[in-house]
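Structural description and commentary
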Amino acid sequence: MHQLKFIVISLVLVPAVHLVYASYNGEKKQDNTYENLTEQGSYDFIVVGSGPGGGTVATRLALRGFKVLLIEAGKDYDTRNTSIPGLWPNSVNDDEMRWDMKAYLFNNSAQQSTEQILYPRASLLGGCSMHNVMIALSAHPLDWDKMAKLLDDESWNFKNMQKYRHIVENCEYCSKKNKTKFRGWLNISVPQIPIKKDVKLISLFDTITEQLVYNPDVNHNNTYESWFLGADLITKETATRSSIYQRIKEVQKLRPKNLHVWTNTFVMKIIIENKQARGVNYVKGSDLYSASPKSTIDQRNRSSQRQYSIYAKYDVIISGGAFNTPQILQLSGIGNKKLLKKYNIKVKENLAGVGRNMQDHHEVTYILKMKQNWTLLKGCIFGANNSDPCLAEYYKTRKNVYANNGNLLLASRSPSMNLTSATPNYLTVNSAETHSKNNMGTVEIKSKDPFQTPLIQFQLFNEQDDDLSRIVQNLRYIRKLLNRKPLSNYIEEEVLPGSNVTSTADLEEHIRKNVYGHHACCSSKMGLSSDKMAVVDSKGRVRNIKNLRIVDNSIFPIALGWFPMLPIYMASEKLADDIATHYGK
Ligand SMILES: Cc1cc2nc3c(=O)[nH]c(=O)nc-3n(C[C@H](O)[C@H](O)[C@H](O)COP(=O)(O)OP(=O)(O)OC[C@H]3O[C@@H](n4cnc5c(N)ncnc54)[C@H](O)[C@@H]3O)c2cc1C
């Protein structure tokens, strides 16, 4: 398999809040007898979770003429932190939308840290697409082809999947020749960086160009060693975040009868009768899940006294993301029977693969302290209050440093990594290993209580993989790349890992202490019927349970490409197409 290194270099910026709560209606109260109700609801499809996976499949099915209910645990919450690209770090820290998941990175039996790390997630309309860094990279062509082969389904190959990229993406950076193909709803642009304003920035770009070829058409051809300006999910004209949130709003306006959205609605389990999914049980209320910093037991108890059910004419589609989808399935009786029996959950289908095969991209930061502050960020306080001069300039021009997410440039090289950066006098480089070998991650319920978070274990760095040594290589490469003239003239010192950390053993120790990830995936994978660990088939249908599908980052058998969001949007459009065709529209 090809190996790719991937580099992103960026200056990071930062936020305040106001709330908009959506109201909902039409549900049926059902007094704890929901297990016995069998009548049909008025929706063709019920989609649980409104991130890139669920939001995309729901909007497309609504546009194809179906009646769709999109259920989201979080709020309808669009603030300046979620919309102004430079303020994204504030959204990650916002209590109104944070789900602080905790994960064990390592196998407890190995002599490695057994402490849990914070694994941030966002729960609101739009899911993690509302707090993430907005980097938009398609998967490597060979990833799609490998997946098509694994699934024995050519509709997943690179050539066919490009069709869906054209449906999703509105491409600002593509060459004229390619641009005409793109007719999408998701705006992707390259950063407008006032490079000339900062001599250190010029030196950074000069240093990189010395060693890697510039590739202007980022996503069209990122298969060779090159650097490019970060492709970001930003609408150039307004300089605001482009995500599934805007798409949901747009489709609601276009097709108000086809797309109903219920926010502040938490799905507890799927209603399954005779091996067929009929609907879901849910409760109403905000901040119920214990991962929310605002969640309280009192609040949860009050809420769980009132459970409701809603039924679908066709399918229930679960799109809760890589952690919550396996949790919802397990709570509903689909999963490893030993685990389900441990918590006294009636087994509806013994599927060993639920919550297995979890993977991620492994990130480690490399930080350089500069001799002087970046002039580009002068005076910026990242929206800490309304007197922020950079905020005023942003509103006036839509072109200043807040108009982008802080990622300056990305580069790919064999094997894989990425760089990011921060604060006035530091350059932070984010090294991301992609195409990692480890697929031993697990998600398991640790209680019957739907509001409790599951046990999440990545089990990194095993004997079977060489991920650790590849990350060591990445760090060494970045060090070599950036400690050259002219950039080196402006560097005061290496802060992380530190110039004294040079031996393989020391670098490995540094990595074990500092590694993290944001792209958890593959925990309910697609696969052939002969694969006992497969949870869904190549159309997203859960094995042996009728009318139940999964559409989100959990279904991929392998971690796609470099950044998952664009591939999820594409895959979700593809599955929506498959579903609509199946039901004759
Ligand atoms: C800090 C951070 C930065 C990132 N940066 C990037 C980036 O720059 N580029 C990139 O490509 N990717 C990035 N990612 C990853 C990317 O955002 C995710 O992979 C992607 O959003 C996953 O989409 P999804 O639809 O599978 O799930 P999610 O986006 O997690 O959406 C799941 C939704 O389901 C809802 N839900 C869950 N359980 C229930 C329930 N029981 N009832 C009702 N609703 C429920 C949740 O509230 C949530 O809104 C980043 C992630 C993080 C955390």
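Conventions used here
Counting starts from 1 at the beginning of each chain's written sequence and moves along it residue by residue. For a predicted model such as this one, the threshold for reporting local features is a pLDDT of at least 70, and the threshold for listing and counting side-chain atom pairs is 80 or more; totals across whole chains, interfaces and linings nevertheless cover every residue. Computation of side-chain values covers all heavy atoms of the structure but excludes hydrogens and water. By convention in this document, the label disulfide applies to cysteine sulfur atom pairs within 2.5 Å. Helix and strand definitions follow DSSP, with helices as H or I runs of at least four residues and strands as E runs of at least two, each counted in order from the N terminus. Buried means the residue's accessible area, taken with a 1.4 Å probe over protein chains only, is under 20% of the maximum for its type, while exposed means over 50%, and partly exposed covers the values in between. UniProt positions are given in the numbering used here, feature names are shortened, and annotations may be inferred rather than shown by experiment. Two residues form a contact once any of their heavy atoms are found within 4.5 Å. As used here, the term nonpolar core means buried Ala, Val, Leu, Ile, Met, Phe, Trp, Tyr and Cys residues forming a set that is joined through side-chain atoms within 4.5 Å. To obtain each axis, a line is fitted to C-alpha atoms, and for helices this fit is confined to the stretch in contact; angles are then taken between N-to-C directions over 0 to 180 degrees. Working rule for angles: under 35 degrees goes down as roughly parallel, over 145 as roughly antiparallel, 65 to 115 as roughly perpendicular, anything else as oblique. Pairing between strands is defined by DSSP: at least two bridges between the two strands are required.

Now for the state of the cysteines. The full count for this structure, using the stated rule, is 2 disulfides. The disulfide that involves Cys 380 links it to Cys 390, with 2.1 Å between the sulfurs. When the S-S torsion is -85°, as for the bridge of Cys 380 with Cys 390, the disulfide is left-handed. Taken together, the residues Cys 380 in the loop between β20 (362–370) and α12 (389–397) and Cys 390 in helix α12 connect sequence positions 10 residues apart. The exposure class of Cys 380 is buried, given its relative accessible area of 11%. Residue pairing for Cys 521: its cysteine sulfur links by disulfide to Cys 522, the two sulfurs lying 2.3 Å apart.

Glancing now at the UniProt feature "binding site: FAD" (unreviewed entry) in the chain. Look at the UniProt record and you will see "binding site: FAD" (unreviewed entry) annotated at Val 267. Residue position: Val 267 is located in strand β14 (residues 265–273). If we ignore the near neighbours within four places in the chain, the residues touching Val 267 are Val 48, Ile 71, Val 280, Asn 281 and Tyr 282.

Turning our eyes to something else, we now look at the nonpolar core. Among the nonpolar cores identified, the biggest contains 168 residues, and Trp 156, Tyr 402, Phe 458 and Leu 482 are the most heavily contacted of them. No other element matches helix α15 (residues 565–582), which puts 10 residues into this core. Grouped together as the second largest cluster of nonpolar side chains are 6 residues, Leu 331, Leu 339, Tyr 343 and Ile 345 included.

On to the packing of helix α5 (residues 158–168) against α15, then. Interhelical geometry of α5 versus α15 gives an angle of 105° and a closest axis separation of 9 Å. Considering the angle they form, α5 stands roughly perpendicular to α15. Note on element contacts: α15 touches α5 through Leu 566, Tyr 569, Met 570, Ala 571, Glu 573, Lys 574 and Asp 577, opposite Met 161, Gln 162, Tyr 164, Arg 165, Ile 167 and Val 168.

This part is about the UniProt feature "domain: Glucose-methanol-choline oxidoreductase N-terminal" (unreviewed entry) in the chain. The sites that UniProt annotates as "domain: Glucose-methanol-choline oxidoreductase N-terminal" (unreviewed entry) are residues 321–335. Helix makes up 73% of residues 321–335 and strand 13%, and the two end C-alpha atoms of the span are 16 Å apart.

Glancing now at the sheet that holds strand β4 (residues 68–71). By definition, the strands of a sheet pair up through backbone hydrogen bonds, in either a parallel or an antiparallel sense. Spatial strand order, β13-β4-β3-β17-β26: 5 strands in an open sheet with parallel pairing. Where the open sheet ends on each side, the last strands, each with one partner, are β13 (259–262) and β26 (548–550). The sheet shows a mean angle of 20° between the axes of neighbouring strands, direction not considered. For strand β3 (residues 45–48) and β4, the ladder comprises 4 bridges, and the chain directions are parallel.

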